[in-house]
Amino acid sequence: MAKKTAKKKAAKKTAKKKTAKKKVAKKKTKRKPNAAFMKPMNVSAALAAVVGSKPMPRTEVTKKLWAYIKKNKLQDSKNKRMINADANLKAIFKGKGQVSMFEMTKLVSSHLS
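Scoring rules and cut-offs
Residue positions within a chain follow its written sequence, with the count starting from 1. For a predicted model such as this one, the threshold for reporting local features is a pLDDT of at least 70, and the threshold for listing and counting side-chain atom pairs is 80 or more; totals across whole chains, interfaces and linings nevertheless cover every residue. The side-chain numbers reported here are obtained from all heavy atoms of the structure, hydrogens and water having been left aside. Only DSSP runs of H or I with at least four residues qualify as helices, and only runs of E with at least two residues qualify as strands; both kinds are numbered from the N terminus onward. By definition in these notes, contact holds between two residues if any of their heavy atoms fall within 4.5 Å. Each accessible area value is a Shrake-Rupley result obtained with a 1.4 Å probe; residue values ignore everything except the protein chains displayed when judging cover. Exposure categories follow from relative accessible area, calculated using a 1.4 Å probe and restricted to protein chains: below 20% of the type maximum is buried, above 50% is exposed, and the middle band is partly exposed. Buried Ala, Val, Leu, Ile, Met, Phe, Trp, Tyr and Cys residues form a nonpolar core when they are joined through side-chain atoms within 4.5 Å.

Details of the overall build of the protein
Moving on, step 1. Across its full length, the protein holds six helices and two strands.
Moving on, step 2. Helices (α) and strands (β) of the protein occur, in sequence order from the N terminus, as α-α-α-α-β-α-β-α.
Moving on, step 3. Considering only contacts in the protein between residues 6 or more positions apart, those separated by 24 or more positions represent 26%.
Moving on, step 4. Summed over its atoms, the accessible surface of the protein is roughly 9200 Å², and 58% of this surface lies on carbon and sulfur atoms.

Comments concerning the environment of N42
Moving on, step 1. With respect to the helices and strands, the residue N42 is situated in the loop between α2 (35-38) and α3 (45-51).
Moving on, step 2. Of the residues examined, N42 reaches a relative accessible area of 44% and is grouped as partly exposed.
Moving on, step 3. Sequence separation between N42 and S113 is 71 residues, and the spatial gap between their C-alpha atoms is 5.2 Å.
Moving on, step 4. When sequence neighbours within four positions are dropped, the list of residues in contact with N42 reads P55, H111, L112 and S113.

Overview of the nonpolar core
Moving on, step 1. One finds L47, L65, L89, F93 and M104 to be the most contacted residues of the largest nonpolar core, which totals 21 residues.
Moving on, step 2. Elements that contribute at least two residues to this core include exactly α3, α4 (58-71), α5 (87-92) and α6 (101-109).
Moving on, step 3. Sequence-distant contacts of M104, that is, excluding residues within four places in its chain, are made with L65, W66, I69, I83, F93 and V99.

And the structure:
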């Protein structure tokens, strides 16, 4: 009886090794960026005061905007999702003193063409 259980355990081990080898065979493909996000956009005069006046992709505008916010410590200390506007950002945020980070992207898109 001990011999039968030993054979079953050995068969299970070899079956596990075979399935493990099959899982390793898959390769991940690198994700391609969306061409629409990489297209250079013209920046409005109000937004140019913060990120620069050259045409740039939306992704680059967002990076530079966040760099400006962090550099000037405009993120609300209690609620990190809220952005406190200074004089430059009020022109972009349609005069609002504070906006959420999600509303900010909506407002910034109106300054890109």
